[in-house]
Amino acid sequence: MSKTAWDRVTLARELERPKATDYINNIFHDFIELHGDRYFGDDKSIVAGIALLDDKPVTIIGEQKGKNVKENMERNFGMPEPEGYRKALRLMKQAEKFKRPIITFIDTPGAYPGMGAEERGQGEAIAKNLMEMSKLKVPIICIVIGEGSSGGALAIGVGDKIIMLENAVYSVLSPEGFASILYKDSSKAKEAAENMKLTAKDLKKLGIIDKIIKEPEKGAQNDFEAICENIKEYLLKEIKNLEKLTEKELVEQRYKKFRVM
Amino acid sequence: MIIDKVKKINEEEKVKKRNEKASDRMIGKWVKCDNCKEILYKEELHKNLSVCPNCGKHFRLSARRRIKQIADEGTFEEIGKDILTSDPLQFDGYMKKVETLREKTKIDEAVKCGICEIEGQKVVLGVMDGNFLMGSMGRAVGERITLAIETAIKKKLPLIMFCVSGGARMQEGIVSLMQMAKTSAAIAKLNEKGLLYISVLTDPTTGGVTASFASLGDIILAEPKALIGFAGPRVIEQTIKQKLPKGFQSSEFLLEHGFIDKIVERKDMKETLAKLLRLHAKGGAKRNE
Ligand SMILES: [Zn+2]
């Protein structure tokens, strides 16, 4: 039976669903995590560092949710504060310096709407990432693995290729938030999800994403090895293609990609 | 004396009654200041640049009035006017709502862009309009702004953006989110050409606009006491389960936290912009390569 949009929202949010670090550990090797934004702190809702993809060094940025309450508390449920985005930007700039491709894993209910985040410029941090990512001279591939919600997802989502897992969702806001704004009733999230065009299939049709990675019926955790294999194959192929472009062509192509959206 | 006092109380009562009746909305020729509760004659208010003469509150401005205040008379030439609202999600009732609104307000989208002069200096000026779906950014808004930025690049002109926005245009879903990336990427190009970009934040500037071009100015100005933030106050209060302190996310708060350059009152805005334009007109130091 085909799934409703809400079915996929539910799958995308499952605690057992593989998280960014699962992908990092399975697809890459020799991962070394790097910490801190050099201004204020280290945001644990974003995991970042360098690893090898086969024998190729790459920089990885991932929004990290937990698989239980304790982990989620530690990771702030995958909701970054400005420090997370600034850490991501610092390491993406570093990747550019050393000519490493960048791979991002998107999985967040949104940027954290807290007082500290506002005091430290959540909007500015996201804006800066969007602007800087648009002109980085290395290939960027973004993968939505679970929940991609709002500017908090896009802040690490300006890439040459954007791909999604079959049951991942990507939207301007969570269905709950959307329902509370447009229907003045957050309990209408289910109904909202069906109208928001947030599934991988919808986004492919809208021309927002480039590829869908298949999942087994009951979600990514049920055949995780195969999914990692598919992602790895895609990364190797596309990085090779993107590296054929000159830096100028690469940046221009990325500009055009978002220009037509 | 006592009679005077009684008279005064009666007067106050009358004013109070009148105020209550007026509620927060404009009624006919009168409008109530929702800050000091004074009833103001609309024409007086508009003559005063839509700033309350009693308490200094800056009322929200339509794009049309804003352009009139900022651009030299008769110089504004609109660009991107033919870019109109699209409905990428085929969202139920959206186009109808837009059409009704267009008819009612005579505004065609939440931003108006053009080329104009400010004290004789040519600029690209973009002005958002909060009267159109709370100044939310959908594809047409993102497209008009991007076109404005690209026009500035092509004609080597400075760019000024007046921002007012409730954030992303929900009815356009993911496509509205992507306008953040599009406009920010265009600003990156503008920067590479060494062109000036001044962003002016007005009440309210929130969500996806704050998290894109609004926060990317070389110089960021704000009107006094504007609400400026990424997350809306209500969302924050629901998340942290407590009331926000007074003045949280105000222009003054942002200035204190280092996110804007200067707060400028409306009466000084044009002059300040003109001055900044002049300071950038001559270019920087030239060095031999
Ligand atoms: Zn007043």
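Throughout what follows, the structure given in this document is the object of discussion.

Parameters at a glance
Residues numbered from 1 in each chain as written. Chains lettered and ligands numbered in written order. Predicted model: local features only at pLDDT ≥ 70, side-chain atom pairs only at ≥ 80, totals over all residues. Heavy atoms only, no water. Helix = DSSP H or I, 4+ residues; strand = E, 2+ residues; numbered from the N terminus. Expected span 1.5 Å × (residues − 1). Buried < 20%, exposed > 50% of the residue type's maximum accessible area, 1.4 Å probe, protein only. Contact = heavy atoms within 4.5 Å. Phe/Tyr/Trp six-rings, centres within 6.5 Å; stacked < 30°, edge-to-face > 60°. Lys NZ or Arg CZ within 6 Å of the ring centre and 35° of its normal. Patch = residues over 30% accessible without salt bridge, like charges linked within 9 Å, V, L, I, M, F, W, Y side chains within 5 Å. Areas by Shrake-Rupley, 256 points an atom, 1.4 Å probe, with all protein chains shown as cover. Salt bridge = Lys/Arg side-chain N within 4 Å of Asp/Glu carboxyl O. Core = buried A, V, L, I, M, F, W, Y, C linked by side-chain atoms within 4.5 Å. Buried area = accessible area lost by both parts, 1.4 Å probe. Nonpolar A, V, L, I, M, F, W, Y, C, P; charged D, E, K, R; others polar. Donors = N, O, S within 2.8 Å, 3.2 Å for Na, K, Ca; no water. Tetrahedral: all angles 85-135°; square planar, octahedral: opposite > 155°, others 65-115°. Arc of directions from axis to C-beta.

Attention now goes to helix α10 (residues 266–281) of chain B. Residues and elements named next belong to chain B. The terminal C-alpha atoms of α10, which comprises 16 residues, lie 23 Å apart, in line with the 22 Å expected from a rise of 1.5 Å per residue. Listing the buried residues of α10 in full gives Arg266, Met269, Thr272, Leu273, Ala274, Leu276 and Leu277. The elements touched by buried residues of α10 are α3 (63–70), β4 (111–118), β5 (121–128), β6 (159–165), β7 (197–205) and β8 (219–222).

This paragraph deals with the packing of aromatic side chains. Under the criterion given, the structure shown has seven aromatic pairs over all chains. When the ring of phenylalanine 178 of chain A is compared with that of tyrosine 183 of chain A, the centres are 6.4 Å apart and the planes differ by 80°; the resulting orientation is edge-to-face. Between phenylalanine 248 of chain B and phenylalanine 253 of chain B, the ring centres sit 4.6 Å apart and the planes meet at 55°, which makes this aromatic pair tilted. In this structure, phenylalanine 248 of chain B and phenylalanine 253 of chain B share a single accessibility class: buried. Here the aromatic residues Tyr23, Phe28, Phe105 and Phe224 of chain A are joined through ring pairs into a cluster of three or more. The ring of tyrosine 255 of chain A is capped by lysine 189 of chain B, whose NZ or CZ atom sits 4.1 Å from the centre of that ring.

Before going further, it helps to spend a moment on a nonpolar patch on the surface. Residues and elements named next belong to chain A. Side chains of Val69, Met73 and Phe77 sit close together on the surface and give an oily, nonpolar patch of about 320 Å² of accessible area. Along the chain, the position of methionine 73 falls in helix α3 (residues 69–74). You can call methionine 73 exposed: its relative accessible area is 58%.

Core analysis: the largest hydrophobic core is formed by 143 residues, its most contacted members being Tyr23 and Phe105 of chain A. Of the residues forming this core, the biggest block, 11 residues, is contributed by helix α6 (residues 173–192) of chain B. By size, the runner-up hydrophobic cluster in this structure holds 22 residues, among which are Ile70, Cys116, Leu196 and Leu277 of chain B.

On to the pattern of salt bridges, then. When the charged atoms of two side chains with opposite charge come close together, those side chains can pair. According to the stated counting rule, one finds 39 salt bridges over all chains in the structure shown. Between glutamate 215 of chain A and arginine 17 of chain A there is a salt bridge, with its nearest N and O atoms 2.7 Å apart. Of the two residues, glutamate 215 of chain A is situated in the loop between β8 (211–213) and α11 (224–242) and arginine 17 of chain A in the loop between α1 (5–13) and α2 (20–27); the sequence distance between them amounts to 198 residues. No difference in accessibility class separates glutamate 215 of chain A from arginine 17 of chain A, as the two residues are buried. For arginine 66 of chain B, the salt bridge identified is with glutamate 223 of chain B, shortest N-O distance 2.8 Å. Remark: glutamate 223 of chain B occurs in the loop between β8 and α8 (233–240) and arginine 66 of chain B occurs in helix α3; sequence separation between them is 157 residues. Here arginine 66 of chain B and glutamate 223 of chain B have matching classes, each one buried. Members of the salt-bridge network, linked through shared partners, are Arg13, Lys65, Asp107, Glu147 and Glu176 of chain A.

All right, on to the interface of chain A and chain B then. Interfaces are frequently sized by the accessible area removed from exposure as the parts join. Taken residue by residue, the interface counts 45 residues in chain A and 51 residues in chain B. For the pairing of chain A and chain B, the buried interface totals around 3,900 Å² over both sides, and the portion due to carbon and sulfur atoms is 73%. If you look at where chain A meets chain B, you find three salt bridges. Of the charged contacts in the structure, one is a salt bridge between glutamate 252 of chain A and lysine 189 of chain B, with a shortest N-O distance of 3.1 Å. Broken down by element, the residue count for the side of chain A that touches chain B peaks at eight residues, all from helix α6 (residues 122–133) of chain A. Each residue belonging to the side of chain A that touches chain B can be placed in one class, and the counts come to 25 nonpolar, 10 polar and 10 charged.

Ideal geometry at a metal centre: 109.5 degrees between donors when four sit tetrahedrally, and 90 or 180 degrees when six sit octahedrally. Residue and element names in this part refer to chain B. Binding of the zinc ion to the protein goes through Cys33 (SG), Cys36 (SG), Cys52 (SG) and Cys55 (SG), at separations of 2.2 to 2.4 Å. Geometry at the zinc ion is tetrahedral, judged from the four donor atoms that bind it and their angles of 105 to 114° at the metal. If you list the donors of the zinc ion from N- to C-terminus, the spacing comes out as C-x2-C-x15-C-x2-C. Within this pair, whereas cysteine 33 is found in the loop between β1 (30–32) and β2 (39–41), its partner cysteine 55 is found in the loop between α2 (42–47) and α3, the two being separated by 22 residues in sequence.

Residues and elements named next belong to chain B. For helix α4 (residues 94–105), with 12 residues, the first-to-last C-alpha span of 16 Å sits near the 16 Å given by 1.5 Å per residue. Considered for burial, the residues of α4 that qualify are Tyr94, Val98 and Leu101. Down the axis of α4, the smallest arc covering the buried residues is 65°, so these residues share one side. In α4, the exposed residues that point more than 90 degrees away from the buried face are Lys96, Thr100, Glu103 and Lys104. Looking at the residues trailing α4, positive phi occurs at lysine 106, about 60°.

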